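# Structural description and commentary
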Amino acid sequence: MLEELRLEMEAMAGRIIGRRRDFHRRPETAHNEFATSAALRDFFLKTGLSVAAMAGTGLRAVLDGRPGGRTVALRTDIDALPLAEEGDKEYASTTPGACHACGHDGHMAVLQAAAEALARRKDRFRGRVVFLCQPAEELPPGGAKPMIEAGALDGVEAIFGLHLWQPMPTGTVGAVRGPMMAQSDNFRITVAGRGGHASMPHQAVDPILAAAAVVSALQSVVSRNVDPLQPAVLSFGTIRGGTVYNIIPGAVELSGTVRTFDPDVQALMKRRLVEIARTTAGSFGAEAEVEYEDGYPPLVNDAAETDFALAVAARLFGGKSVVPIRPVMGGEDFAYYLREVPGAFLFFGAGDGTRFPHHHPGFDLDEKALPSAAALLAGLALEYLARPG
Ligand code: NI
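Below is a short write-up of the structure. (Residues numbered from 1 in each chain as written. Predicted model: local features only at pLDDT ≥ 70, side-chain atom pairs only at ≥ 80, totals over all residues. Heavy atoms only, no water.)

For the rest of this paragraph, the subject is the sheet that holds strand 5 (residues 158–165). Spatial ordering of the open sheet is given by 1-2-4-3-5-15-6, a layout of seven strands whose pairing is mixed. With partners counted over all chains shown, the strands left at the sheet margins are strand 1 (50–54) and strand 6 (173–174), one partner each. Against the sheet, helix 4 (residues 104–120) touches strand 2 (58–64), strand 3 (66–77), strand 4 (126–134) and strand 5, its axis set at about 165° to strand 3. Helix 8 (residues 303–317) rests against strand 5, strand 6 and strand 15 (343–349) of the sheet, and its axis sits at about 40° to strand 15. (Pairing = 2+ DSSP bridges. Helix = DSSP H or I, 4+ residues; strand = E, 2+ residues; numbered from the N terminus. Contact = heavy atoms within 4.5 Å. Axes fitted to C-alpha atoms, helices over the stretch in contact; angles between N-to-C directions.)

Before going further, it helps to examine the pattern of salt bridges. Summed over the entire model, instances satisfying the criterion amount to 27 salt bridges. The partner of Arg121 in a salt bridge is Glu8, and the shortest N-O contact between them spans 2.7 Å. Remark: Glu8 occurs in helix 1 (residues 2–11) and Arg121 occurs in the loop between helix 4 and strand 4; sequence separation between them is 113 residues. Considered together, Arg121 and Glu8 belong to a single accessibility category, that of buried residues. A salt bridge links Asp77 to Arg75; the shortest N-O distance between them is 3.7 Å. (Salt bridge = Lys/Arg side-chain N within 4 Å of Asp/Glu carboxyl O. Buried < 20%, exposed > 50% of the residue type's maximum accessible area, 1.4 Å probe, protein only.)

Let us now look at empty space enclosed by the protein. Inspection of every chain in the model, using the stated rule, returns one cavity of 30 Å³ or more. The wall of the largest cavity is formed by Arg75, Thr76, His107, Val110, Leu162 and Leu377. Put simply, the parts of the chain that give the lining of the largest cavity at least two residues each are strand 3 and helix 4. Considering only residue class, the lining of the largest cavity consists of three nonpolar, two polar and one charged. (1 Å grid on protein atoms, 1.4 Å probe; cavity = no way out; pocket = protein on both sides within 12 Å on 5 of 7 lines; lining within 4 Å. Points joined across faces, edges and corners; volume = space filled by probe spheres on them. Nonpolar A, V, L, I, M, F, W, Y, C, P; charged D, E, K, R; others polar.)

Backbone hydrogen bonds are what pair the strands of a sheet, in a parallel or an antiparallel way. Pairing in this open sheet of four strands is antiparallel, and the strands run 10-12-8-13 from one edge to the other. Looking at which strands have only one partner, the edges of the open sheet turn out to be strand 10 (232–241) and strand 13 (287–296). Direction aside, neighbouring strands of the sheet carry axes that sit 20° apart on average. Here eight bridges tie strand 8 (residues 183–192) to strand 13, and the two strands are oriented antiparallel to one another. Directly across from Ala192, in strand 13, lies its bridge partner Glu287. Where helix 6 (residues 207–225) meets the sheet, its contacts fall on strand 8, strand 10 and strand 12 (251–260), and the angle it forms with strand 10 comes to roughly 170°. Taken strand by strand, helix 7 (residues 263–282) contacts strand 8, strand 10, strand 12 and strand 13, and its axis lies near 160° from that of strand 13.

Put into structure tokens, the structure is as follows:
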């Protein structure tokens, strides 16, 4: 059955790639995925599935096989990034300021192909496959939580998802049993001083100098406060302040992200961030106000379902395609589903011939990975439903 599925997907390669390119041409950012959602809805209806809208632009499509049996869910994210695409792809984004620079266009095309292949086989399996099309993966608090609250996982006994992964060679598959992706929080620090003339700094409180000291001092949290054997990241993403060269501004705003796996480390990072920002700014006569927002929780794969998923991959593509990987500090709101039901999230290599990482304006993926990724998703559903009991 798996080999037949693999060959069928290879034969569908042109259609899968074509759909991915259509999504790529018309990217829509978090919560604005209206045309994307409408296209997916039409597709599911044409393929004979029932579809319900949820969480704004989200969809839950259901495929019933023979009566009885289990229920398994497959998930794709559907949003693009607020990023202007670079490069001269024939299928480049036609939406100014938006771009599928993470591969979610590929995830949708892969899920569609899996749905088609499974729909053709619905007389050959018992149970139900639920297809979740989830908005806003890129924008915390994300779309997974509202999907779950709207009933996305009702009756679902296991869930699987994958991310096409540029850092890995095309056709390789990897997953970590247990914690695989990080808790990803964000923070904003406002350093307030007192503005004035740049030539008379003694009459002002310079928030630029204080903010620079805050940025430097916070580098000591990971290096001096966190257990060296615990993963942790603190990075700044923005620093904004001032209008012109000869004015000391009144305030500077910084923002950044904290990534952790362990809740105690997260609490420590949060506490030290506030303490160091306040006291460091204070030592310059400035004031720091910190806003801290908890983001996606760590993504924790179920060990048994991860073994199962990698075993299916090995049967589809050969044992050598399954490669050991380490956890990454990236965040992913698939984590929320895995807190409700067992399952696994996999990285599917799509890096051959590519030059730019995820979230880069020139990002692309190797489309040769798409049929195989589709075979894996469909294979996971079929093999899961074929389990006794
Ligand atoms: Ni992504």
